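Residue-level structural notes
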Amino acid sequence: MNIRYEGENIEYSVIQSRRKTIAISIDPHQKILVKAPVQISHDEIQKIVEKKAGWIVKKRKELAKYQPQKEPQELADGRQLWYQGNPYVLQILTKADTKQENSGRNVELSAGKLKVYTEQGQEAEVRQNLMQWYYEQAGQWICQRVEHYNEDLKEPVNRICIKDQKSRWGSCSSKRNLNFNWRIIMAPKEVADYVVVHEMCHLRHLNHSPEFWREVAGILPDYKERRKWLREHGAELMKKI
Ligand SMILES: [Zn+2]
């Protein structure tokens, strides 16, 4: 179904069920879904969509902004970077402007800033130091979480790998190897935990069967909320650094 609003075409799907209220939602691909009670007619639904058209158009524009960019963004001062669900402003420092010691670390988080120490401040060096740090943080945190969840799950793990993947957050092989995208260290901890638990539950069920999801829900009863965050914001985190 579709309507026109200020020259724009708004296409939407309708699912009617035994619910009591109407809900309009937009997914990251800008598809519009209307959930409505069975007794409401399509004309009535259309009127409601028309009333909401302004909001829909605005929301679509917002979503369009967050589509993954094709070109890698520059790694320069002021660039926003994520770490465990919080945004930080990149600050590039060189040996010349850092007189005091930084305890030997190349990357430091402090007061909303993600400081990268370099020799000369060139982008390639910034990227290398930053990536190394992200990988290390991801590796340490993920291993800790796997250990934590394995106190109850008690599933043998062969190997944990941190990978650079463009579209996957994690995977689990039949050889009991767990693979994780380093980018989950950019997501909020609850969301990253969901990815860890999801892959660990594949150690028991190498599929997405109802048993698998029951296992996930047994550990994280609110996993759907966490998964929703990933669906809504994952593309943003998948942007190239
Ligand atoms: Zn899975």
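For the structure itself, look to the data block above.
Quick look at the structure, then. (Residues numbered from 1 in each chain as written. Predicted model: local features only at pLDDT ≥ 70, side-chain atom pairs only at ≥ 80, totals over all residues. Heavy atoms only, no water.)

For the pair helix 3 (residues 123–153) and helix 4 (residues 189–201), interaxial distance at closest approach is 10 Å and the crossing angle is 55°. Classed by the angle they form, the pair helix 3 and helix 4 counts as oblique. For the crossing formed where helix 3 meets helix 4, the hand is right-handed. Of the residues in helix 4, those in contact with Trp 141, Ile 142, Arg 145, Val 146, Tyr 149, Asn 150 and Leu 153 of helix 3 are Lys 189, Ala 192, Asp 193, Val 196, Val 197 and Met 200. The class makeup of the residues in the contact of helix 3 with helix 4 is 9 nonpolar, 1 polar and 3 charged. (Axes fitted to C-alpha atoms, helices over the stretch in contact; angles between N-to-C directions. Helix = DSSP H or I, 4+ residues; strand = E, 2+ residues; numbered from the N terminus. Parallel < 35°, antiparallel > 145°, perpendicular 65-115°, else oblique. Left-handed = near helix turned anticlockwise from the far one by under 90°. Contact = heavy atoms within 4.5 Å. Nonpolar A, V, L, I, M, F, W, Y, C, P; charged D, E, K, R; others polar.)

Attention now moves to the sheet that holds strand 5 (residues 80–83). Spatial strand order, 5-6-8-7: 4 strands in an open sheet with mixed pairing. Looking along the sheet, the strands with just one partner apiece sit at the ends: strand 5 and strand 7 (107–110). Averaged over all pairs of adjacent strands, the angle between their axes in this sheet comes to 35°, without regard to strand direction. Taken together, the 4 bridges between strand 5 and strand 6 (residues 86–94) define a ladder with antiparallel strand orientation. Of the residues in strand 6, the one forming a bridge with Leu 81 is Tyr 88. Contacts from helix 3 reach strand 5, strand 6, strand 7 and strand 8 (113–118), with the element oriented near 120° to strand 8. (Pairing = 2+ DSSP bridges.)

Turning our attention to the coordination of the zinc ion. By definition of the ideal shapes, four donors in a tetrahedron about a metal sit 109.5 degrees apart, and six donors in an octahedron sit 90 or 180 degrees apart. Each protein donor to the zinc ion is listed here as His 198 (NE2), His 202 (NE2) and His 208 (NE2); together their distances run 2.0 Å. All donors to the zinc ion come from one chain, and their sequence spacing reads H-x3-H-x5-H. When sorted by exposure, His 198 lands in the same class as His 202, which is buried. (Donors = N, O, S within 2.8 Å, 3.2 Å for Na, K, Ca; no water. Buried < 20%, exposed > 50% of the residue type's maximum accessible area, 1.4 Å probe, protein only.)

This part covers the pattern of salt bridges. Within this structure, the stated rule accounts for 11 salt bridges. The closest approach of N and O atoms between Asp 193 and Arg 145, which form a salt bridge, is 2.8 Å. Separated by 48 residues along the polypeptide, Asp 193 in helix 4 and Arg 145 in helix 3 bring together distant segments of the chain. Asp 193 sits in the buried class, given a relative accessible area of 8%. (Salt bridge = Lys/Arg side-chain N within 4 Å of Asp/Glu carboxyl O.)

Here the focus is the packing of aromatic side chains. Tallied over the entire structure, the rule returns 7 aromatic pairs. On the basis of an interplanar angle of 50° and a centroid distance of 5.3 Å, the ring pair of Trp 133 and Tyr 134 is categorised as tilted. The two residues Trp 133 and Tyr 134 agree in class, both being buried. Summarising the aromatic geometry, the rings of Trp 213 and Tyr 223 are spaced 5.3 Å apart at their centres and angled 15° between planes, so their arrangement reads as stacked. Here Trp 213, found in helix 5 (residues 210–219), pairs with Tyr 223, found in helix 6 (residues 223–237); they are 10 residues apart in sequence, far enough to count as distant. The side chain of Lys 52 reaches across the aromatic face of Trp 55, ending 4.9 Å from its centre. Looking at Arg 227, its charged tip hangs above the ring of Trp 213, at a distance of 5.0 Å from the centre. (Phe/Tyr/Trp six-rings, centres within 6.5 Å; stacked < 30°, edge-to-face > 60°. Lys NZ or Arg CZ within 6 Å of the ring centre and 35° of its normal.)

Remark: helix 4 packs on helix 6, axes separated minimally by 9 Å, with the N-to-C direction vectors making an angle of 105°. Between helix 4 and helix 6, the angle falls in the class roughly perpendicular. Only Tyr 223, Arg 226, Arg 227, Trp 229 and Leu 230 of helix 6 make contact with helix 4, whose side of the interface consists of Glu 190, Val 191, Asp 193, Tyr 194 and Val 195. Among the residues making up the contact of helix 4 with helix 6, the classes are represented as 6 nonpolar, no polar and 4 charged.

It is worth spelling out a positive patch on the surface at this point. A surface patch of positive charge is lined by Arg 159, Lys 163, Arg 168 and Lys 175. For Arg 159, the location among the structural elements is in strand 9 (residues 159–163). With relative accessibility at 46%, the residue Arg 159 sits in the partly exposed group. (Patch = residues over 30% accessible without salt bridge, like charges linked within 9 Å, V, L, I, M, F, W, Y side chains within 5 Å. Areas by Shrake-Rupley, 256 points an atom, 1.4 Å probe, with all protein chains shown as cover. Lys, Arg positive; Asp, Glu negative; His and termini not counted. Charge placed at Lys NZ, Arg CZ, Asp CG, Glu CD.)

The side chains of a regular strand alternate, first on one face of the sheet and then on the other. Taken together, the 4 bridges between strand 7 and strand 8 define a ladder with antiparallel strand orientation. Bridged to Glu 108 within strand 8 is Lys 115. Counting the residues that bridge the hairpin from strand 7 to strand 8 gives 2 residues, and of these Ala 111 lies at a positive phi of roughly 45°.

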